[in-house]
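# Residue-level structural notes
One-letter residues, chain by chain:
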Amino acid sequence: MQELIIELATLKDLDSILKITQNALISMKKLGFHQWNENYPNFEIFTQDIDKNHLYICRKKEQILGFVCINELFMEEYKDVHFNPKFNNKALYLHRLAVNQNFKRQGVGFKLLNFCEEFTIRNNKLSLRADTLSKNLPMNSLFKKLNYQFCGEFNIKNYNDKFFAYEKILKNFNFD
């Protein structure tokens, strides 16, 4: 595969991002889970992510292969998750990762997660935290494969299934 480039998404990328999202939704339904729906994520959410410089795309030439949102947003639903408290002020959070269905199983998700880890370190953070629906086996498997630690489960309003939370400590330092 030619070199993959990860860069900030722009408004001109929105059509491709929304198409990837629609196809991911179809794939999720086929796999028997409903992490996303027709209302989430949507144009407004992605526009906000882009405006805040939180959304990154992975591309090969002009084709967008996937995207991920990374920021400092601690969701209220995380309050009972057992993230390592030493890193509460030194963490970034991964949201909304998806890969173009034509490029599944080609390392795009791995590349996006690896980018997020490097981005976290470059921004003087030590922990990368994420969540996914408990039934999202592909994403749960990827987190485990990349040595993310399971930190608990939580509920989100209007979802029947629990979400699993993960954390990966990227750099340790002495807290004494």
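Below or above, wherever it landed, is the structure these notes cover. (Residues numbered from 1 in each chain as written. Predicted model: local features only at pLDDT ≥ 70, side-chain atom pairs only at ≥ 80, totals over all residues. Heavy atoms only, no water.)

## Considerations on the sheet that holds strand β1 (residues 5-8)
Read from one edge of the open sheet, seven strands run β1-β2-β3-β4-β5-β7-β6, paired in mixed fashion. At either end of the open sheet lies a strand with only one pairing partner, and these are β1 and β6 (149-154). The average angle at which neighbouring strand axes cross in this sheet is 30 degrees, direction not considered. Sheet analysis places strand β4 (residues 91-99) next to strand β5 (residues 127-133), joined by four bridges and oriented parallel. The residue of β5 that forms the bridge with Ala 91 is Ser 127. Taken strand by strand, helix α4 (residues 137-145) contacts β4, β5 and β7 (163-169), and its axis lies near 155 degrees from that of β5. (Pairing = 2+ DSSP bridges. Helix = DSSP H or I, 4+ residues; strand = E, 2+ residues; numbered from the N terminus. Axes fitted to C-alpha atoms, helices over the stretch in contact; angles between N-to-C directions. Contact = heavy atoms within 4.5 Å.)

## So, the packing of aromatic side chains
What the rule picks out here adds up to 17 aromatic pairs. Ring plane angle 75 degrees and centroid distance 5.6 Å describe the contact between Phe 74 and Tyr 78, whose orientation is recorded as edge-to-face. Its relative accessible area of 41% is what places Phe 74 among the partly exposed residues. Grouping aromatic residues by their ring pairs yields a cluster made of Phe 74, Tyr 78, Phe 83, Tyr 93, Phe 154, Tyr 159 and Phe 163. (Phe/Tyr/Trp six-rings, centres within 6.5 Å; stacked < 30°, edge-to-face > 60°. Buried < 20%, exposed > 50% of the residue type's maximum accessible area, 1.4 Å probe, protein only.)

## Focus on the pattern of salt bridges
Within the structure shown, the criterion is met by nine salt bridges. Note that Lys 29 and Glu 38 form a salt bridge whose closest N and O atoms lie 2.9 Å from each other. For Lys 29, a relative accessible area of 42% puts it in the partly exposed group. Note that Arg 96 is salt-bridged to Asp 49, the shortest N-O span being 2.9 Å. Of the two residues, Arg 96 sits in strand β4 while Asp 49 sits in helix α2 (residues 43-51), which places them 47 residues apart along the sequence. Summarising the burial analysis for this pair, Arg 96 and Asp 49 share the class buried. (Salt bridge = Lys/Arg side-chain N within 4 Å of Asp/Glu carboxyl O.)

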